[in-house]
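Architecture at a glance
Chain residues, written in single-letter form:
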Amino acid sequence: MQELKKATDFPISENVMRMRESSTLAAMQAAVAMRAAGVDVVDLGPGEPDFDTPEHIKAAAVEALRAGETKYTPTAGTRALQRAIIDYYGREFNALYEPAEVMATAGGKQAIFNAVVTLVNPGDEVLIPRPYWVTFPEIVTFAGANPVFIETEETQFQLTAEQVERALTSRTRLIILNSPSNPSGRVIPPAEFKRIMELVAERGIYAVSDECYLRFVYPPAEVFSAASLAPELRAHLCIAGSFSKTYAMTGWRMGYALAPAVWVKAMLKVQGHSTSNPNSIAQRAAAAAFTGSQECVAEMLAEYRRRRDWLIKALREVTGLRCFEPEGAFYAFPDVRGCLKGEVKTSGAFADKLLHDAQTVVTDGAGFGAEGYIRISYATSLDRLQEGVKRIRRVAEQLVS
Ligand SMILES: Cc1ncc(COP(=O)(O)O)c(C=O)c1O
């Protein structure tokens, strides 16, 4: 048997060779390695809640195990979970969905993957507003289509229908919307969202609305689901939902898609030949999350808000940083260009300096298509945030002076 000498000897497909490693996971690994070496790391990298999954959700999973719910389920998920999703959207957003328009997925990520690969053909253009969640362009490229980025810095990353309109071409097939946004925390106001969807419907294209951070919106901004739009707009829409952040369930891998029945049918074909159904036990837990008390969500939201209010104010006091107030999610996204001096020419170099000189992990904005910015997660306790900002201030002041 021939021995492989170099990684390049192995014939990895071109599709996967083109794929970039996730920069958010890279930040996580850097923190793990330093912690293992006994370093006092302040980790402001995490894209996941620091809370535990609420007890009543865990109890539902235990119950499912005891009841022997350990077999394959329908590809679209159990009837009980489909019902829970439909009822939740009916109750919360006055949106009526039929079972044929709903499927459970292994995390919101799989819903986005299913939606994109079932819709685009090679050469199609997919609009992605900058800054974007790292996975969007990777899925689009994997599916053979071309990501086309919409610049939004002129409006401090607030996407407008006008910006979307300017980016449309005859090859545009799809737009990926993400409100609240990871990494910017920006929320598209409902009226603007509607204008964007009207444009989408008018042009006969489609939209994926990634509602992963759906519930994490801080007043006066409003929680809004595209599910509440009129049926003629919904005919062009796939909602990719997730239990990961709302219920602190990242490890459970539960999400869902809501879309026109023909689109769901195609997505079921892809899922049926890849992962089949999501984990049967996690499905029972996800159903309990949607049918049970929502008090846990309100409590987490209140804590995130407390941290956000403190963090944004503190970051604005750091010389060289500029920081708008995000309306949602759990990230601050400051502009660090005022600190780029000497050897530190990019936000990546700034993030590296924070890591090596101040043992503080943040995520470089360049990975999200926004060079010059860093993402700071506040899914960490207030005292660690305070320590982190102290360290960031030290490094920033040293650079600026
Ligand atoms: C914007 C966005 N969408 C989707 C996801 C996917 O979440 P999951 O697959 O855990 O549901 C994430 C996770 O970080 C995210 O930040």
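Described below are features of the structure shown in this document. (Residues numbered from 1 in each chain as written. Predicted model: local features only at pLDDT ≥ 70, side-chain atom pairs only at ≥ 80, totals over all residues. Heavy atoms only, no water.)

1. What to know about the overall build of the protein
Here is the rule: Numbering of helices and strands starts at the N terminus; helices are DSSP runs of H or I of at least 4 residues and strands are runs of E of at least 2. Exposure is judged per residue with a 1.4 Å probe applied to protein chains only, and the accessible area is read against the type maximum: over 50% gives exposed, under 20% gives buried, and values in between give partly exposed. The contact criterion used throughout is that any non-hydrogen atoms of two residues lie within 4.5 Å. Using the Shrake-Rupley algorithm and a 1.4 Å probe, accessible areas are obtained, with residue cover drawn only from the displayed protein chains. Only four residue types enter the charge count: Lys and Arg as positive, Asp and Glu as negative, with His and the chain ends excluded. A charge is said to be at NZ when it belongs to Lys, at CZ for Arg, at CG for Asp and at CD for Glu.
Counting its secondary structure elements, the protein contains 14 helices and 12 strands. With 401 residues in all, the protein has 54% of them scored as buried. Taking the intrachain contacts of the protein between residues at least 6 apart in sequence as the baseline, contacts between residues at least 24 apart amount to 74%. Of the accessible surface of the protein, which amounts to about 17700 Å², a share of 53% is contributed by carbon and sulfur atoms. Counting 44 positive and 47 negative side-chain charges, the protein places the centres of these two groups 2 Å from one another.

2. Side note on the pairing of strand β6 (residues 206–210)
For clarity, the threshold we go by: Here, a strand pair is defined by DSSP locating no fewer than two bridges between the strands. Throughout, right-handed denotes a crossover for which the path from the first strand over the helix to the second runs clockwise when the strands point away from the viewer.
Here β6 lies mainly inside the structure; 4 of its 5 residues are buried. Two elements, strand β5 (residues 172–178) and β6, share 5 bridges in a ladder whose sense is parallel. Bridge assignment links Leu177 to a residue of β6, and that residue is Ser209. Viewed along the sheet, the connection from β5 through helix α8 (residues 190–202) into β6 turns out right-handed. Pairing of β6 with strand β7 (residues 237–242), which is carried by 4 bridges, proceeds in the parallel orientation. Looking at the pairing, Asp210 lines up with Ala240 of β7.

3. Side note on the pairing of β5
A large share of β5 lies buried, amounting to 6 of its 7 residues. One ladder, built from 3 bridges, connects strand β3 (residues 125–129) with β5; its direction is parallel. Pairing of Leu127 across the sheet is with Ile175, part of β5.

4. Things to note about the nonpolar core
Here is the rule: For the purposes of this section, nonpolar cores are sets of buried Ala, Val, Leu, Ile, Met, Phe, Trp, Tyr and Cys residues that join through side-chain atoms within 4.5 Å.
Membership of the largest hydrophobic core comes to 94 residues, with the highest contact counts inside it found for Tyr89, Phe243, Tyr247 and Phe350. The element that contributes the greatest number of residues to this core is helix α12 (residues 295–316), accounting for 8 residues. Not counting residues up to four positions away in its chain, the partners in contact with Tyr247 are Thr53, Pro54, Ile57, Tyr88, Ala289, Phe290, Gln294, Cys296, Val297 and Met300. Ala111, Ala115, Phe157 and Tyr373 belong to the second-largest nonpolar core, a separate cluster that totals 34 residues.

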